[in-house]
Amino acid sequence: MSLHEDAVLVLKGYEDQPELRDVYLEHLAAHPDGVYKPCTAGHITGSALVIDPVGERVLLTLHKKLGLWLQMGGHCEPGDATLEEAALREAREESGIASGLSLLPGGPVRLDRHPIPAPCHWHLDVQYAALAPAGAVAEISEESLDLRWFPYEEVAAVADTSVVRLLEATLARLGG
């Protein structure tokens, strides 16, 4: 199964945000390369909010190009077999937590579509949550200006609405 086919299956099974899900599915139907960065009509990205439920905190990266505190994430790569794999790879690379991260069961937590500068037009982000192992030590990557753990209650003061909604949806899935 290709990454494109996996994305279609994942999105067809995603029941929240049906209008946005349908936009993603229409994009994939129209663009066989729609999971990769060269697709200038937009492309699927995978991200993961790294969370430490025991410490009631999340790990955010200060994005080098955007200057915003965001969850870990980025472009799908040819070696990625699934969207989950892409999101988890990005979480590992950007958090510096090489082992022990695991995606929260149940598939994507949210979808977020946001415009980006030309030549591409849209990031169609499939957002997951990744649970950090006890005692996880984060390390800043080349793609980040900073990396920091934030208590749940501080996220709204530092991050944009997309990250806040992702945290809310993650906490709801965790039952908190």
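None of these values were measured; they are calculated from a predicted model.

**Thoughts on the overall build of the protein**
Turning to step 1, where the next piece is worked out: A count of helices and strands for the protein gives five helices and eight strands.
Turning to step 2, where the next piece is worked out: Start at the N end of the protein and walk to the C end: the helices and strands fall as α-α-β-β-β-β-α-β-β-β-β-α-α.
Turning to step 3, where the next piece is worked out: Taking 2.2 N^0.38 as the reference for a compact globule, 176 residues should give roughly 16 Å; the C-alpha atoms of the protein span a radius of gyration of 15 Å, in line with that estimate.
Turning to step 4, where the next piece is worked out: Its C-alpha atoms give the protein principal-axis dimensions of roughly 45 × 35 × 30 Å.
Turning to step 5, where the next piece is worked out: Residues counted as buried form 48% of the 176 residues belonging to the protein.
Turning to step 6, where the next piece is worked out: Counting contacts in the protein only where the partners sit at least 6 residues apart, residues at least 24 apart contribute 65% of the total.
Turning to step 7, where the next piece is worked out: When the accessible surface of the protein is totalled, it reaches about 8,700 Å², and 55% of it is carbon and sulfur.
Turning to step 8, where the next piece is worked out: Separation of charge centres in the protein, based on 13 positive and 27 negative side chains, amounts to 2 Å.

**Section: the nonpolar core**
Turning to step 1, where the next piece is worked out: In terms of nonpolar packing, the biggest core is built from 33 residues, with Ile-44, Val-50, Leu-83, Leu-101, Val-126 and Tyr-128 touching the most fellow members.
Turning to step 2, where the next piece is worked out: Those elements that place two or more of their residues in this core are helix H1 (3-12), helix H2 (18-30), strand S1 (43-52), helix H3 (83-95), strand S7 (122-131) and strand S8 (144-151).
Turning to step 3, where the next piece is worked out: Excluding residues within four positions of it along the chain, Val-126 makes contact with Leu-11, Tyr-24, Ile-44, Thr-45, Gly-46, Ser-47, Leu-83, Pro-108, Arg-110 and Leu-111.
Turning to step 4, where the next piece is worked out: Listed in part, the 19 residues of the second largest apolar core include Leu-49, Ile-51, Leu-60 and Leu-171.

**Quick notes on the pattern of salt bridges**
Oppositely charged side chains can form a pair if their charged atoms are brought close together.
Turning to step 1, where the next piece is worked out: By the definition in use, this model includes seven salt bridges.
Turning to step 2, where the next piece is worked out: A salt bridge links Asp-22 to Arg-21, with the nearest nitrogen and oxygen atoms 3.2 Å apart.
Turning to step 3, where the next piece is worked out: The exposure class assigned to Arg-21 is buried, which follows from its relative accessible area of 16%.
Turning to step 4, where the next piece is worked out: A salt bridge links Arg-89 to Glu-93; the nearest nitrogen and oxygen atoms lie 3.3 Å apart. With Arg-89 and Glu-93 both in helix H3 and four residues apart, the pair spans about one turn of that helix.

Conventions and cut-offs
- Residues numbered from 1 in each chain as written.
- Predicted model: local features only at pLDDT ≥ 70, side-chain atom pairs only at ≥ 80, totals over all residues.
- Heavy atoms only, no water.
- Helix = DSSP H or I, 4+ residues; strand = E, 2+ residues; numbered from the N terminus.
- Rg over C-alpha atoms; globule rule 2.2 N^0.38 Å.
- Buried < 20%, exposed > 50% of the residue type's maximum accessible area, 1.4 Å probe, protein only.
- Contact = heavy atoms within 4.5 Å.
- Areas by Shrake-Rupley, 256 points an atom, 1.4 Å probe, with all protein chains shown as cover.
- Lys, Arg positive; Asp, Glu negative; His and termini not counted.
- Charge placed at Lys NZ, Arg CZ, Asp CG, Glu CD.
- Core = buried A, V, L, I, M, F, W, Y, C linked by side-chain atoms within 4.5 Å.
- Salt bridge = Lys/Arg side-chain N within 4 Å of Asp/Glu carboxyl O.

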